[in-house]
Amino acid sequence: MSALRRALLGSVFVTTALFALPTAHAAAADAQSGTAWAESVQKALAARDAQDETDADTGSVSGRAVSQTGMASWYGAAHQHLHRTSSGARFDRNRLTAAHPTAPLGSKLRVTSEETGRSVVVTVNDRGPYSHGRIIDLSAAAAAQLGMLHSGVAHVSVQTATPEEVAAAPEGDAAPSLTAPPKPATGKRGRPLHLQRKRFGHP
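The following refers to the structure shown.

About the criteria used
Residues numbered from 1 in each chain as written. Predicted model: local features only at pLDDT ≥ 70, side-chain atom pairs only at ≥ 80, totals over all residues. Heavy atoms only, no water. Helix = DSSP H or I, 4+ residues; strand = E, 2+ residues; numbered from the N terminus. Buried < 20%, exposed > 50% of the residue type's maximum accessible area, 1.4 Å probe, protein only. Lys, Arg positive; Asp, Glu negative; His and termini not counted. Salt bridge = Lys/Arg side-chain N within 4 Å of Asp/Glu carboxyl O. Core = buried A, V, L, I, M, F, W, Y, C linked by side-chain atoms within 4.5 Å. Contact = heavy atoms within 4.5 Å. Pairing = 2+ DSSP bridges. Phe/Tyr/Trp six-rings, centres within 6.5 Å; stacked < 30°, edge-to-face > 60°. Axes fitted to C-alpha atoms, helices over the stretch in contact; angles between N-to-C directions.

## Things to note about the side chain of D126
(1) Moving on: Its location among the elements puts D126 in strand β4 (residues 119-126).
(2) Moving on: Buried and unpaired, D126 has no salt bridge, with R127 as the nearest side chain of opposite charge at 7.1 Å.

In structure tokens, the structure reads:
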């Protein structure tokens with residue numbers, strides 16, 4: 001083999017090696033990237049499982065079923081009536097609604113009072129409560145259903161309502177109006193009017 005041919009073959013080997021080196025590096029990088037991606041997916045799945053366990057312990061929800069126990073309060077003063085809620089709808093103290101920190105807006109929750117044993121199905125349409133230690137804020141109508149209007153707070157359990165419980169709930173979240181009983185008719189000075197009975201034989 002002539003010296004010229006040997007030189008040409010050597011240059012071909014060198015060129016091939018130079019082109020092959022970046023390809024090998026790229027393949028190694030791809031392999032490492034694939035491994036890193038697989039590890040990140042595994043970590044994300046593990047984190048989600050851990051979050052599920054945390055939610056089960058604390059009762060927190062992120063689009064999943066609610067199961068909590070704690071203190072409930074209620075709101076529905078005159079100045080809050082017809083104010084906009086987080087859902088965009090106007091607050092109506094006479095409807096069976098509630099404010100919850102994390103439950104999806106529009107979801108249905110069954111709230112049961114541990115004091116009275118009564119239950120009510122409410123629609124989440126607002127965020128809150130913002131008082132420490134409270135897990136749900138009920139409308140005045142829902143609080144009346146539980147018998148906690150006078151106490152203001154109650155120990156309750158909160159669960160996602162089943163389809164059967166939702167079907168059995170009042171249509172449109174309606175509840176009896178919380179209006180005061182009618183006052184007796186009064187005279188000019190505010191005294192109750194009494195019908196005067198005529199005695200027999202007297203004018």
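## Observations concerning the nonpolar core
(1) Moving on: If you look at the biggest cluster of nonpolar residues, it comprises 21 residues, and the most contacted ones within it are L109, V111, V122, I136, L138, V156 and V158.
(2) Moving on: Where this core is concerned, the elements lending two or more residues are β3 (108-113), β4, β5 (134-139), α2 (140-146) and β6 (153-160).
(3) Moving on: Among the elements that line this core, the one with the most residues is α2, at 4 residues.
(4) Moving on: Excluding anything up to four places from it in sequence, V122 contacts L96, T97, A98, S107, K108, L109, V111, L138 and A142.

## A look at the pairing of β4
(1) Moving on: Summarising burial for β4: 7 of the 8 residues are buried, a large majority.
(2) Moving on: Looking at chain direction, β3 and β4 are connected through 5 bridges and run antiparallel. For L109, the partnering residue across the bridge sits in β4 and is V122.
(3) Moving on: What sits between the antiparallel neighbours β3 and β4 is a turn of 5 residues, in which G117 has the positive phi angle 80°.

## What about the packing of aromatic side chains?
(1) Moving on: Considering all chains together, one arrives at 1 aromatic pair under this definition.
(2) Moving on: The interplanar angle of 15° and the centroid separation of 4.6 Å between the aromatic rings of Y75 and F91 together place this pair among those described as stacked. Here F91 lies in the loop between β1 (67-75) and β2 (97-99) and Y75 lies in strand β1, a separation of 16 residues in the sequence. Taken as a pair, Y75 and F91 share a single burial class, namely buried.

## Digging into the pattern of salt bridges
Side chains that differ in sign of charge can pair as their charged atoms come close.
(1) Moving on: On inspection of all chains with the given rule, the structure shows 2 salt bridges.
(2) Moving on: For R110, the salt bridge is made with E165, and the minimal N-O distance between the two is 2.6 Å. Note that R110 is positioned in strand β3 and E165 in helix α3 (residues 163-168), a separation of 55 residues in sequence.
(3) Moving on: With a relative accessible area of 23%, R110 lands in the partly exposed category.
(4) Moving on: Given the relative accessible area of 22%, E165 is considered partly exposed.

## Observations regarding the environment of I136
(1) Moving on: Summarising the element assignment, I136 is placed in strand β5.
(2) Moving on: Judged by relative accessible area, I136 falls into the buried class, the value being 0%.
(3) Moving on: Setting aside anything within four residues of it in sequence, one finds I136 in contact with M71, A72, S73, A98, A99, H100, L109, V111, P129, V156 and V158.

## Observations regarding the sheet that holds β4
(1) Moving on: If you trace the 6 strands once around the closed barrel, you get β1-β5-β2-β4-β3-β6, paired in mixed fashion. Averaged over neighbouring strand pairs, the angle between their axes works out to 45° when direction is ignored.

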